[in-house]
Amino acid sequence: MIKNNGTGQFIAELSIEQNLTFECADKVFSQKEIKFGREQKQSLGLIRPDGRYTNLALILSDQCPYTTKAALFEGLNKERFKDRKEFSGSLFQQIEDVCAYLHVFNRIRSTFEGVYRVDHPDYPDIAIREAYVNALIHRDYYIESSVLVSMFDDRIEFMSLGGVMPGVTHDLMLAGVSVTRNEKLAHIFYRLNIIEAFGTGIPRIYSAYKNSITQPEIPVVDGGFLIRIPNMNYYIGRGAGNGRNGSVTNEQRLLEAFTDANFSKEDAADILGITVSGAYKLLQRMTEQGLLVARKKGKRWIYSKPSDKAGQMA
């Protein structure tokens, strides 16, 4: 009954394994200049009053039996693997290793704002980190299964078992309401600045996508908690309707590609993969609709979003 109510008693229970070491945890606490001796372990909930280790100590120890399985897939489904890896050790070590692994495959698209190059990663680093740490905090450790991280061409999915806590809705999560399954673990992550504050993870993920044409998703999954973050560059240069989530217009792709930049019809044609004349007609239509501002620069027409001060000088 306690387990079904989602009260997260597992981490407070006695660990079967008592021969634990904390080499990774010691390093993390030392870097934050926070003491991590026996007294601190007791106050944090790693050591019981009888002096024995809890399951919270187990999952933070170097002997943590829970792993994370990450996989890179070709395309939009799980038919073909491109790479896969399993990460073990302390949860602290897994956070470092999994985020580093995903960073390797987080490609960069570059655009130009005037003479300056601006890099646009496929995924905001903060969204990757928040989604993964959220999976660790809210998973049900009674279930002996790995956290699953799946990277596709158009998205990354983070799946942990346990499901959403009773009474918590999607709207409440977006509002920052936090009902934590493993509160003591979340408290330690908070003290170490691994999370910014209780209940801010989901809002921070959505905030990272506030200027994106694609948005994160938290679909309802029976018995699990799934966070899906989209590749912000996936639709750039693709025809409408090619994406998993439906069509994206050329207008949307241009507004996403040139956030504040000044660009020409040639730039637009290159981004969209269409002819220059087709791009010019599109830009004219977007200007008439008030989506863009056009100004003459020498013999060329330059376009920008209305919020761009340079574009408003016309």
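Let us look at the structure shown here. The structure displayed is predicted, hence computed values, not measured ones.

Quick notes on the rules
Residues numbered from 1 in each chain as written. Predicted model: local features only at pLDDT ≥ 70, side-chain atom pairs only at ≥ 80, totals over all residues. Heavy atoms only, no water. Helix = DSSP H or I, 4+ residues; strand = E, 2+ residues; numbered from the N terminus. Buried < 20%, exposed > 50% of the residue type's maximum accessible area, 1.4 Å probe, protein only. Contact = heavy atoms within 4.5 Å. Pairing = 2+ DSSP bridges. Axes fitted to C-alpha atoms, helices over the stretch in contact; angles between N-to-C directions. Polar contact = N/O pair within 3.5 Å; in protein donor to acceptor, adjacent residues only side chain to side chain. Parallel < 35°, antiparallel > 145°, perpendicular 65-115°, else oblique. Nonpolar A, V, L, I, M, F, W, Y, C, P; charged D, E, K, R; others polar.

A few words now on the overall build of the chain. From N to C terminus, the chain includes 11 helices and 10 strands. The buried share among the 314 residues of the chain stands at 46%. Of the contacts made within the chain by residues no fewer than 6 positions apart, 59% connect residues no fewer than 24 positions apart.

Here we have six strands laid out as an open sheet, ordered β2-β1-β5-β6-β8-β7, and mixed in their pairing. Lying at the two open borders of the sheet, with one neighbouring strand each, are β2 (81–87) and β7 (220–221). Sitting on the sheet, helix α4 (residues 91–104) touches β1 (68–73), β2, β5 (147–151) and β6 (155–161), and the angle it makes with β2 is about 165°.

Here we come to the side chain of His 120. Residue placement: His 120 occurs in strand β4 (residues 116–121). Since its relative accessible area comes to 15%, His 120 is described here as buried. In contact with His 120, not counting residues within four places along its chain, are Arg 107, Ile 108, Arg 109, Thr 111, Asn 233 and Ala 257.

This part covers the environment of Glu 196. Along the chain, Glu 196 turns up in the loop between α7 (183–191) and α8 (201–208). It is 9.5 Å that separates the C-alpha atoms of Glu 196 and Glu 130, two residues lying 66 residues apart in sequence. Not counting chain neighbours up to four residues away, the residues in contact with Glu 196 comprise Tyr 190 and Arg 204. Looking at Glu 196, its side chain comes within polar contact range of the side chain of Arg 204, at 2.7 Å.

Running from amino to carboxyl end, helix α9 (residues 250–257) crosses helix α11 (residues 276–288) at an angle of 85°, the nearest separation of the two axes being 11 Å. Comparing their axes, α11 and α9 come out roughly perpendicular. When α9 is examined against α11, the residues Asn 250, Glu 251, Leu 254 and Leu 255 are found in contact with a partner set consisting of Leu 282, Leu 283, Arg 285 and Met 286. When grouped by side-chain class, the residues that make up the contact of α9 with α11 number five nonpolar, one polar and two charged.

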